[in-house]
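Reading the structure
Okay, here's what each chain looks like letter by letter:
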Amino acid sequence: NTVIIEIDCNDIEEKKLIDAAKILKEGGTVAFPTETVYGLGANGLELGAIRKIFEAKGRPSDNPLILHVAKIEDVEPLVKEIPLDTERVMKNFWPGPLTIVLEKNDIVPEAITGGLSTVAIRMPSHPIARRLIEMAGVPVAAPSANISGKPSPTTGEHVIKDLQGRVDAIIVGGSCDVGVESTVLDMTGEIPTILRPGGITREMLLKVLERVEIDNGLKEGTNAVPKSPGMKYTHYAPKAEVYIVKGEETISSEKIKELAEAYRIEGKKVGIICFDESYNEYQRDVVKSMGSRKDLKRVAANLFKILRDFDETDVDVILAEALEEVELGQAIMNRLTKAAGYRVIHVWKGMY
Ligand code: TXA
Ligand code: MG
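Residues numbered from 1 in each chain as written. Chains lettered and ligands numbered in written order. Predicted model: local features only at pLDDT ≥ 70, side-chain atom pairs only at ≥ 80, totals over all residues.

1. Structural notes on helix α8 (residues 249-265)
With 17 residues, α8 should reach 24 Å at 1.5 Å per residue; the first-to-last C-alpha distance of 25 Å fits that figure. Within α8 the residues assigned to the buried category are Ser252, Ser253, Lys255, Ile256 and Ala260. One side of α8 carries all its buried residues, which in axial view fall inside an arc of 155°. The outward face of α8, more than 90 degrees from its buried face, is lined by the exposed residues Thr250, Glu261, Ala262 and Ile265. As for α8, its buried residues are in contact with β12 (241-246), β13 (270-274), β15 (317-321) and β16 (344-346). (Helix = DSSP H or I, 4+ residues; strand = E, 2+ residues; numbered from the N terminus. Expected span 1.5 Å × (residues − 1). Buried ≥ 20, exposed ≤ 12 C-beta atoms within 10 Å, placed from the backbone. Arc of directions from axis to C-beta. Contact = placed C-beta atoms within 7 Å.)

The following block contains the structure:
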């Protein structure tokens with residue numbers, strides 16, 4: 001049976017966190033909020049505890065987990081070395097939505113790394129996450145607290161829906177600010193490489209690092225296998241099929257209206273994911289706006305909730321507008337494209 005622990009993150013009751021930390025110490029599983037998405041935590045150095053995470057989520061065992069720490073010093077025992085530029089990155093972006101991949105030490109179990117010689121580590125900034133990890137006194141393994149394949153949870157209710165009855169405790173502590181998972185940055189190669197775009201953007205990293213590449217496996221139109229095992233799985237998919245329409249804004253909304261009409265004639269119910277700027281174009285459909293194109297932080301924070309909300313409707317198809325893949329737009333389009341199973345329709349002026 002799952003214990004539900006409600007905590008107000010503006011007025012954290014230590015007693016409740018002590019209970020949760022005790023469950024972690026005893027080898028149990030606790031879902032908790034972070035600034036990115038909710039995580040499903042367990043003692044990252046104990047095999048039995050780690051196994052419970054994979055079981056609760058239905059996660060493939062070759063998909064490695066992130067170890068969460070409370071302070072930079074806690075990284076040292078887990079890795080072979082912390083190169084100077086990595087230390088600079090940590091000092092600039094931790095605590096925060098950035099995960100760093102380094103060569104692992106022997107104490108990190110292979111069950112965490114999916115057999116890889118590297119380990120992914122993150123120091124979250126959310127006050128509940130930080131205190132909980134500190135109290136647990138061990139590195140906390142925590143994937144997103146969803147059933148594998150579903151959109152990551154950004155509210156306690158999402159976690160309850162997916163994991164009640166499958167984990168020992170769920171801390172309900174409000175909604176997550178960033179809304180997409182952390183950036184995964186591989187620091188083991190010659191050039192720092194983004195394996196998963198997230199809240200810390202390439203543009204931000206370039207302020208502290210001379211060069212930052214994006215893993216080839218993430219780029220459109222390549223057959224390269226992504227270096228981050230998790231990026232190869234289908235993800236985030238709502239029940240309805242999602243299509244992304246890419247192109248100049250007014251042309252893509254014309255295309256979306258045209259496609260929506262065609263689907264309606266076939267008798268299908270159409271959902272639309274758009275931005276505030278074009279919301280009124282689509283009055284006749286189930287329309288959900290992610291926010292203004294000028295406020296990407298808000299868009300990122302809304303994305304997974306909107307994908308989940310569509311599962312509560314009876315739409316058969318979802319047509320989505322696109323963003324330019326720069327700054328936070330990179331992470332947003334990465335998740336949306338996966339939600340769409342890579343179904344992207346390109347439109348351009350000559351079409352009309
Ligand atoms: O924001 C986040 O990172 C959230 C919160 C809970 O911290 N966690 C999260 O974990 O998103 P998860 O397990 O859903 O995603 C971890 C990603 C996967 O794509 C996995 O393949 C990758 O990190 N990863 C983990 N260890 C790795 C490694 N050693 N090398 C490359 N990629 C790795
Ligand atoms: Mg995940």
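2. Re the site of ligand 1
Close to ligand 1 lie 29 residues, the nearest being Thr36, Gly39, Ala120, Pro143 and Gly230. Secondary-structure elements contributing two or more residues to the shell around ligand 1 are β5 (98-103), β6 (118-122) and β10 (193-196). The element best represented in the shell around ligand 1 is β6, accounting for 4 residues. Residue classes in the shell around ligand 1 are distributed as 15 nonpolar, 11 polar and 3 charged. (Near = placed C-beta within 6 Å. Nonpolar A, V, L, I, M, F, W, Y, C, P; charged D, E, K, R; others polar.)

3. A look at the nonpolar core
In this structure, Ala20, Ala31, Ile121, Ile171, Leu303 and Ile332 are the most contacted members of the largest nonpolar core, which totals 99 residues. No other element matches helix α9 (residues 296-310), which puts 8 residues into this core. In terms of domain composition, this core takes at least three residues from each of domain 1 (3-227) and domain 2 (241-351). Leave out the neighbours within four places in its chain, and isoleucine 121 touches Ile66, Leu67, Val69, Val75, Leu78, Thr99, Ile100 and Leu102. (Core = buried A, V, L, I, M, F, W, Y, C linked by C-beta atoms within 7 Å. Domains from an automatic or database assignment.)

4. With respect to unusual backbone geometry
Across the junction of tryptophan 94 and proline 95, the peptide omega takes the value -10°, indicating a cis bond. Take proline 95: it is sitting in the loop between α3 (84-93) and β5. For glutamate 327, which is not glycine, the phi torsion reads 45° and is therefore positive. Relative to the elements of secondary structure, glutamate 327 occurs in the loop between β15 and α10 (328-339). Residue classification places glutamate 327 among the partly exposed residues on the basis of 16 C-beta atoms within 10 Å.

5. A word on the UniProt feature "binding site: ATP" (unreviewed entry) in the protein
When the UniProt feature table is mapped onto this chain numbering, "binding site: ATP" (unreviewed entry) sits at Arg59, Asn63, Thr118, Ala142, Ser144, Ser152, Arg196 and Tyr236. The greatest C-alpha distance among the annotated residues, which extend across 178 residues, is 25.6 Å, indicating that they are dispersed rather than converging on a single site. Among the structural elements, arginine 59 can be located in the loop between α2 (47-57) and β4 (66-68). Ignoring sequence-local partners within four residues, the contact set of arginine 59 consists of Phe54, Pro143 and Ser148. Locating arginine 196 in the fold gives a position in strand β10. (UniProt positions renumbered as here; feature names shortened; annotations may be inferred.)

6. Focus: the sheet that holds β10
Note on sheets: strands pair through backbone hydrogen bonds, and any given pair is parallel or antiparallel. What the 11 strands build is an open sheet, ordered β1-β8-β2-β3-β7-β4-β6-β5-β9-β10-β11; its pairing is mixed. In the strand order of this sheet, the two ends are held by β1 (3-6) and β11 (213-214), each with one partner. Looking at chain direction, strand β3 (residues 39-43) and strand β7 (residues 140-141) are connected through 2 bridges and run antiparallel. Within β7, the residue paired with asparagine 43 across the bridge is valine 140. Seen against the sheet, helix α5 (residues 127-136) touches β2 (30-32), β4, β7 and β8 (169-172) and runs at an angle of roughly 150° to β2. (Pairing = 2+ DSSP bridges. Axes fitted to C-alpha atoms, helices over the stretch in contact; angles between N-to-C directions.)

7. Thoughts on the sheet that holds β16
Strand order in the open sheet formed by 5 strands is β14-β13-β15-β12-β16, with parallel pairing between adjacent strands. Unpaired on one side and paired on the other, β14 (286-289) and β16 mark the two borders of the sheet. Across the sheet, the mean angle separating the axes of adjacent strands is 20° when strand polarity is ignored. Pairing between β12 and β16: 3 bridges, direction parallel. What sits directly across from isoleucine 244, in β16, is valine 344.

8. What about the environment of lysine 104?
With respect to the helices, strands and loops of the structure, lysine 104 is situated in the loop between β5 and α4 (110-113). Placed 28 residues apart in sequence, lysine 104 and glutamate 76 show a C-alpha to C-alpha distance of 10.0 Å. For lysine 104, the residues in contact, after removing those within four places along its chain, are Leu78, Val79, Thr113, Ser117, Thr118 and Val119.

9. What to know about the environment of asparagine 302
Tracing the sequence through the fold places asparagine 302 in helix α9. Note on asparagine 302: 21 C-beta atoms within 10 Å, which makes it buried. For the pair asparagine 302 and leucine 116, spaced 186 residues apart in sequence, the C-alpha to C-alpha distance is 33 Å.

10. A closer look at α9
Over its 15 residues, α9 extends 21 Å from the first C-alpha to the last, a length consistent with the 21 Å expected when each residue adds 1.5 Å. Asparagine 302 marks where α9 bends most, by close to 35°. Of the positions making up α9, those classed as buried are Leu296, Val299, Ala300, Asn302, Leu303, Phe304, Lys305, Ile306, Leu307, Arg308 and Phe310. Buried residues belonging to α9 abut α6 (156-163), β13, β14, β15 and α10. (Bend = angle between axes of the 7 residues up to and from the residue.)

11. Describing the pairing of β8
Two faces, one strand: in a regular strand the side chains alternate between the faces of the sheet. Pairing between β1 and β8: 4 bridges, direction parallel. Paired with glutamate 6 across the two strands is valine 172, which belongs to β8. Alignment of β2 against β8, held across 2 bridges, turns out to be parallel. Considered in β8, the bridge of alanine 31 is made with isoleucine 170.

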